[in-house]
Amino acid sequence: RNYTGGMGIPRELSAHRGADGRLRIAASPIAEWTANKVDTRMESQQVLWKNAAVQAMELDVHYEADDVMAWRINGTEITLDVPNEILTVGSGSIALTSKSDTLELLIDGGILEVTGEDGCLVAMFELAENTTYIERLSGDITKMHLYTT
């Protein structure tokens, strides 16, 4: 379902002019959160974390024009269907209007924030439960970052 609350982690907002000339709002984690970012890799099919120090996880996904990728986060399936320009999270979906080839998925407990490579917010979703694992069904994740306390 589409998330109707506030953002998951504190963000700095800035204005960004897109390729189409329209002004958009971009959001990036505040410096205090970025300082606690730990880069890691998703080396296996499934990543499990129950470490109380991990507050959020960010996945950088780079895709090609014909890619269809899928992940499962705590039982909620996420599908990126690039040829049809659709992102599906559980039973909700949105049309991808950005011509970017990169998405960032920020998972903070039960919240999923989706931004394009320019930092502009694409969508927010509420997950069924707080996240403790992610499973790759198809496609690669370019980078994975953990935000710790």
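Looking at this model, I keep getting lost on the overall build of the protein chain. Mind explaining?
The helix and strand inventory of the protein chain stands at one helix and 14 strands. Burial status across the protein chain gives 42% buried among its 149 residues. If you take every contact in the protein chain between residues at least 6 apart in sequence, the share linking residues at least 24 apart comes to 58%. Of the roughly 8,000 Å² of accessible surface on the protein chain, a fraction of 47% belongs to carbon and sulfur atoms.

Any chance you could explain the pairing of strand β6 (residues 68–73) here in plain terms?
Successive residues of a regular strand alternate their side chains across the two faces of the sheet. For β6 and strand β7 (residues 76–81), the ladder comprises six bridges, and the chain directions are antiparallel. If you follow isoleucine 73 over to β7, its bridge partner there is threonine 76. Between β6 and β7, which pair antiparallel one after the other, the connecting turn spans two residues, and asparagine 74 there sits at a positive phi close to 45°. As defined by bridge partners, β6 adjoins strand β13 (residues 133–138) across four bridges and the pair is classed as antiparallel. If you follow arginine 72 over to β13, its bridge partner there is glutamate 135.

In this structure, what is going on with the side chain of threonine 115? I would like to understand it.
Looking at where threonine 115 falls in the secondary structure, it is placed in strand β11 (residues 111–116). The exposure class assigned to threonine 115 is buried, which follows from its relative accessible area of 4%. Setting aside its immediate chain neighbours within four residues, threonine 115 contacts Thr102, Leu103, Glu104, Cys120, Leu121 and Val122.

Would you mind going over the nonpolar core with me for this structure?
Leu59, Trp71, Leu80, Leu87 and Leu112 are the most contacted members of the largest nonpolar core, which has 26 residues in total. Of all the elements in the fold, those that place two or more residues in this core are β5 (54–62), β6, β7, β8 (86–89), β10 (102–108), β11, β12 (121–126) and β14 (143–148).

Quick question: what am I supposed to make of the confidence of the model for the protein chain here?
The predicted coordinates of low-pLDDT regions are not to be read in fine detail. Residues with a pLDDT of 70 or more make up 79% of the protein chain, whose mean pLDDT is 76. By mean pLDDT, the top-scoring element of the protein chain is β8 (91), and the lowest-scoring one is strand β4 (residues 46–48) (57).

Looking at this model, I keep getting lost on unusual backbone geometry. Mind explaining?
Most peptide bonds take the trans configuration, and most residues that are not glycine carry a negative phi. The backbone of glutamate 85 shows a phi angle near 55°, a positive value even though the residue is not glycine. With respect to the helices, strands and loops of the structure, glutamate 85 is situated in the loop between β7 and β8. Of the residues examined, glutamate 85 reaches a relative accessible area of 36% and is grouped as partly exposed.

Which parts of the structure should I look at to understand the environment of glutamate 32?
Its place among the elements puts glutamate 32 in helix α1 (residues 31–34). You can call glutamate 32 exposed: its relative accessible area is 54%. The spacing of glutamate 32 and proline 10 is 22 residues in sequence and 9.2 Å in space, taken between C-alpha atoms.

Honestly, the pairing of strand β2 (residues 23–29) in this entry has me stumped. Any pointers?
Sheet topology places strand β1 (residues 11–17) next to β2; seven bridges connect them, and they run antiparallel. Among the inter-strand pairings, histidine 16 is bridged to a residue of β2, identified as arginine 24. Counting the residues between successive antiparallel strands, the hairpin from β1 to β2 contains five residues, one of them, glycine 21, with a positive phi of roughly 90°.

What am I meant to see in the environment of alanine 123 here?
Positionally, alanine 123 belongs in strand β12. Exposure remark for alanine 123: the relative accessible area of 10% places this residue in the buried category. Separated by eleven residues in the primary sequence, alanine 123 and leucine 112 have C-alpha atoms spaced 8.3 Å apart. Discounting residues that sit within four places of it in the chain, alanine 123 has contacts with Ile94, Leu112, Glu113 and Val114.

Calculation rules
Residues numbered from 1 in each chain as written. Predicted model: local features only at pLDDT ≥ 70, side-chain atom pairs only at ≥ 80, totals over all residues. Heavy atoms only, no water. Helix = DSSP H or I, 4+ residues; strand = E, 2+ residues; numbered from the N terminus. Buried < 20%, exposed > 50% of the residue type's maximum accessible area, 1.4 Å probe, protein only. Contact = heavy atoms within 4.5 Å. Areas by Shrake-Rupley, 256 points an atom, 1.4 Å probe, with all protein chains shown as cover. Pairing = 2+ DSSP bridges. Core = buried A, V, L, I, M, F, W, Y, C linked by side-chain atoms within 4.5 Å. pLDDT = per-residue confidence, 0-100.

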